[in-house]
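Coordinate inspection notes
Spelled out from the first residue to the last, the chains are:
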Amino acid sequence: MARLSRDARFDGLFFVGVFSTGIYCRPICPAVPAKEANVRYFDDALSAAQAGLRPCLRCRPDSAPGSNPWLGKQTSLNRAMSLIDAGVLSGPQAIPMTGLADRLGISERYLRQLFHDSLGTSPKQYALYQQLMFAKQLLHQTKMPITQVAFAAGFNSVRRFNEVFREQLQLTPSEIRKASSESQLPMQGLTLKLAYRPPYDWHHLRSFFAQRAVPEMEWLDEHSYGRSFELGSGRGRNSDSGRDGDGDRDIVNGRDNAGHAKGYFCAVHSEREACFHVTIHLAEADALGQLKGSISHIRRILDLDADMLTIGDKLQQMGQALPRVSPGIRLPGVWSPFEAACRAILGQQVSVTQAIKLLGQLVADYGETISLNERMVRLFPSPEALMDASLEGLKMPGIRKEAIRALARFVVANPEANIDDWLQIKGIGPWTLDYVRLRGQSLPDVLLVGDLVVKQQLLANLSPEPSSRDGEPAEDEDPKAAKKRAQAYYQGLSQEVLLQVAPWGSYLTLQLWNQQ
């Protein structure tokens, strides 16, 4: 039984409510296991809290890897949760519920119904609980002042933070702080433990990143990966009153950079602890309002919330289509869809090595340089920096240069547009958008059917015997007709494979790349 064996592979997939003590735990909790008669199991921490239980101070449920068991079944719900986890409903840059529904392309009523049917709660309540769990993690793992913790978690006043914390978690922030021993200060670099569920193929992920790393923007060694980042709009809230609605001090007063963050992170892998020790350096202390969003990006880039047992079982069912499955291969993300699109455009019709040379030149020519904690790093160029850039330092066809400029102009003019709208830009096609979905958004069900390696692997392992291959040209058949028939055959074949492996097409793509 996973609870009794403390199996880390199930960490975050369920939570254990112990009604004899009134607490809920992760399945890996080091405490003496409770009697089964006193235990009830919950799919998520929020459900346990709603049952009147408080979080365990030993195993810290706030530190468990995320779990999305509905992934691939309710896309709108998953997208909503991702946006909420990144902080869109909290803090000085919060958007209203109608704004979240608009971004998802659904009605506010349907959005509320999705949350009620799947989680038994409202989007606001889910957002509030995520804020509290993030604050609890900061209280446990850092010695940031409680005021800064409240701000970083998206609260606008300390009094409101204290009230909600006690009401929802049956603990006070001060009680959490007294139970903690870590001593990381934000301006010295804030270090958090980000857990995952094994298996985790760090060697594969590190090799993937190393082959595509951009000098001064990314760096690696045997056990770590780091990179610079920029997040947010740069337009924070600046209140003249300095007071919130209930008379408490407004902790975001005067923080013009609350909605914007520049910095870098370094993630050090610990296989023994099944986690990464991630240190984040922010260029401005006032950027703490973007801390939660930054951590959400880091979790996505390192693919820390994947359930590799479920994914592995699905891939194993592919049989001859996947001669071997390498356990623990994760999706290697990049910081933003815009960066992923630029990588894809620069990589058209050239080798990976040449594409990274072009990318490095782009970053060197147009990326902002910042000095932070005695390290000089370059940021990936913003759309504003590239929309009218000459790109004369890039040795590539002019049509691809114009595609980058056109994309930058479109993103600046339409910051909330769906990436499907990028298809109207000359030089951006379906393969580019799929690459953005795979690496820039880390969507789980993207099979890159237009990728040459994926195509070769699928045809080599799935095609019938040569005598019966629908894709084989017949004698004296017109070459154009044969090509068209072969394309139709592969399209049908790849669609069958995608349906068979859904919702984990992205992981099949990585596995097929790994087979070459």
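Residues numbered from 1 in each chain as written. Predicted model: local features only at pLDDT ≥ 70, side-chain atom pairs only at ≥ 80, totals over all residues. Heavy atoms only, no water.

Notes on the overall build of the chain
When helices and strands are tallied, the chain shows 20 helices and eleven strands. The 516 residues of the chain split such that 53% are buried. Look at the contacts in the chain between residues 6 or more apart in sequence, and 69% of them connect residues 24 or more apart. By element, 48% of the accessible surface of the chain is carried by carbon and sulfur atoms, the whole surface being about 23,300 Å². (Helix = DSSP H or I, 4+ residues; strand = E, 2+ residues; numbered from the N terminus. Buried < 20%, exposed > 50% of the residue type's maximum accessible area, 1.4 Å probe, protein only. Contact = heavy atoms within 4.5 Å. Areas by Shrake-Rupley, 256 points an atom, 1.4 Å probe, with all protein chains shown as cover.)

Some points on the confidence of the model for the chain
Predicted coordinates in areas of low pLDDT are best not read in detail. Averaged over every residue, the pLDDT of the chain is 85; the share at 70 or more is 88%. The model gives residues 69-73 a pLDDT under 50, and that stretch makes nine contacts with residues more than four places away or in other chains. Counted against residues more than four places away or in other chains, residues 183-187, with its pLDDT under 50, gives twelve contacts. (pLDDT = per-residue confidence, 0-100.)

Observations concerning the pattern of salt bridges
Counted by the stated rule, this structure contains 17 salt bridges. Two residues, Asp7 and Arg9, come together in a salt bridge whose shortest N-O distance is 2.6 Å. Asp7 gets classed as buried once you look at its relative accessible area, which sits at 17%. Residues participating in the shared-partner salt-bridge network are Glu218, Arg227, Glu339 and Arg343. (Salt bridge = Lys/Arg side-chain N within 4 Å of Asp/Glu carboxyl O.)

Notes on the sheet that holds strand β9 (residues 275-282)
Remark on secondary structure: sheet strands pair via backbone hydrogen bonds, oriented parallel or antiparallel. Pairing is antiparallel across the open sheet formed by five strands, whose spatial order is β5-β9-β8-β7-β6. Because the sheet does not close on itself, it has two edges, and the strands there are β5 (190-195) and β6 (218-220). Pairs of neighbouring strands in the sheet enclose a mean axial angle of 25°, with direction left out of account. Bridge analysis of β6 against strand β7 (residues 224-232) gives three bridges, and the strand direction is antiparallel. Each residue of the ladder has a partner; that of Trp219, found in β7, is Gly226. (Pairing = 2+ DSSP bridges. Axes fitted to C-alpha atoms, helices over the stretch in contact; angles between N-to-C directions.)

Quick word on the packing of aromatic side chains
One pass over the full model with this rule turns up 18 aromatic pairs. Taken together, the aromatic side chains of Phe209, Tyr225, Phe229, Phe265 and Trp335 make up a single cluster linked through ring pairs. Between Arg375 and the ring centre of Trp219, over which it is positioned, the NZ or CZ distance is 4.3 Å. In this arrangement the basic side chain of Lys455 is found over the ring face of Tyr490, its NZ or CZ atom lying 5.3 Å from the centre. (Phe/Tyr/Trp six-rings, centres within 6.5 Å; stacked < 30°, edge-to-face > 60°. Lys NZ or Arg CZ within 6 Å of the ring centre and 35° of its normal.)

A short note on the layout of surface pockets
Empty space within the second largest pocket amounts to approximately 780 Å³. What lines the second largest pocket is a set of 26 residues, among which Arg212, Val352, Tyr435, Asp451 and Trp513 lie closest to the centre. Only α10 (202-211), α13 (337-346), α14 (352-366), α17 (430-440), α18 (452-462) and α20 (505-515) provide two or more residues apiece to the lining of the second largest pocket. When its residues are assigned to classes, the lining of the second largest pocket shows 13 nonpolar, ten polar and three charged. (1 Å grid on protein atoms, 1.4 Å probe; cavity = no way out; pocket = protein on both sides within 12 Å on 5 of 7 lines; lining within 4 Å. Points joined across faces, edges and corners; volume = space filled by probe spheres on them. Nonpolar A, V, L, I, M, F, W, Y, C, P; charged D, E, K, R; others polar.)

A closer look at helix α16 (residues 398-413)
For α16, which comprises 16 residues, the first-to-last C-alpha distance of 22 Å matches the rise-based estimate of 22 Å (1.5 Å per residue) to within 8%. Of all the residues in α16, the buried ones are Arg400, Lys401, Ala403, Ile404, Arg405, Ala406, Leu407, Ala408, Phe410 and Val411. (Expected span 1.5 Å × (residues − 1).)

Regarding helix α4 (residues 97-104)
The set of residues buried in α4 consists of Met97, Gly99, Leu100, Ala101 and Leu104. Its buried side turned inward, α4 meets α3 (75-85), α5 (108-119) and α6 (123-141). Count one or two residues on from α4 and you reach Gly105, which has phi positive near 75°.

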